Structure formats: C-alpha cells, structure tokens
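# Remarks on the overall topology
Spelled out, the chains give:
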Amino acid sequence: MTLNEKIKALRKEEGLTLAQVAKATGYTVSAISRMETGSRTISWKYLNFWIDNGRMNFNDIRNSKNVRNC
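Model, not experiment: these values are computed from the prediction. (Residues numbered from 1 in each chain as written. Predicted model: local features only at pLDDT ≥ 70, side-chain atom pairs only at ≥ 80, totals over all residues. Heavy atoms only, no water.)

### Things to note about the overall build of the protein chain
The number of helices and strands found in the protein chain is five helices and zero strands. Across the protein chain, helices and strands are ordered from the amino to the carboxyl terminus as α-α-α-α-α. A compact globule built from 70 residues would reach a C-alpha radius of gyration of about 11 Å, and the protein chain, at 11 Å, matches this within 12%. On the principal axes, the C-alpha backbone points of the protein chain span a range of 30 × 25 × 20 Å. Across the 70 residues that make up the protein chain, the buried fraction comes to 34%. If you take every contact in the protein chain between residues at least 6 apart in sequence, the share linking residues at least 24 apart comes to 54%. Summed over its atoms, the accessible surface of the protein chain is roughly 4,600 Å², and 49% of this surface lies on carbon and sulfur atoms. For the protein chain, the centre of its 12 positive side-chain charges and the centre of its 6 negative side-chain charges are spaced 7 Å apart. (Helix = DSSP H or I, 4+ residues; strand = E, 2+ residues; numbered from the N terminus. Rg over C-alpha atoms; globule rule 2.2 N^0.38 Å. Buried < 20%, exposed > 50% of the residue type's maximum accessible area, 1.4 Å probe, protein only. Contact = heavy atoms within 4.5 Å. Areas by Shrake-Rupley, 256 points an atom, 1.4 Å probe, with all protein chains shown as cover. Lys, Arg positive; Asp, Glu negative; His and termini not counted. Charge placed at Lys NZ, Arg CZ, Asp CG, Glu CD.)

Below is the structure:
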C-alpha cells in the first residue's frame, strides 16, 4: 500500500471527512484530496498531523511503497 493510500484509509477509519482534516491542518479540502490521490506530494506538515495525534508512526511512512529513501 502506498503512503497516500494508507493516509486515506486511516482518515476513513477515523471517520474524518476531508473538510474536518482540512480545518485541523490548515490545508484546503482540494489539497488534502490531491495528497490522498497522489497527484500532490504529501507534505511533512500533513504527515505530522497524523503522527502527532498518534495515528501514524515513522515505520508506517518508511514501509510505504512510494516513499523515497533519504
């Protein structure tokens, strides 16, 4: 599963709408949708929203298929 697919699945598992996540992160609904579909690069700020709330950890990120090693 790619990172954007993991994030989308996590948001749905949590019962959060795009609008709710947009309000919490300061991104637009459109930007979040594009990050979840892979048409926009996922920002660290957006990843930190999931990490800071204990919903994701760095292993989730590192083990995703579409993450480049730094």
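The rest of the description comes next.
### Some words on the confidence of the model for the protein chain
Confidence in the prediction of the protein chain, expressed as mean pLDDT, is 86, and 91% of residues score 70 or more. Highest mean pLDDT in the protein chain belongs to helix α2 (residues 18-25) (96); lowest belongs to helix α5 (residues 58-62) (75). (pLDDT = per-residue confidence, 0-100.)

### Comments concerning the pattern of salt bridges
As a working rule, side chains carrying opposite charge can pair if their charged atoms are close by. In the structure shown here, the tally under the stated rule is two salt bridges. In this structure, R11 and E36 form a salt bridge, with 2.7 Å as the shortest nitrogen-oxygen distance. Of this pair, R11 sits in helix α1 (residues 3-13) while E36 sits in helix α3 (residues 29-37), and the two are 25 residues apart along the sequence. Note that E14 and R55 form a salt bridge whose closest N and O atoms lie 3.3 Å from each other. (Salt bridge = Lys/Arg side-chain N within 4 Å of Asp/Glu carboxyl O.)

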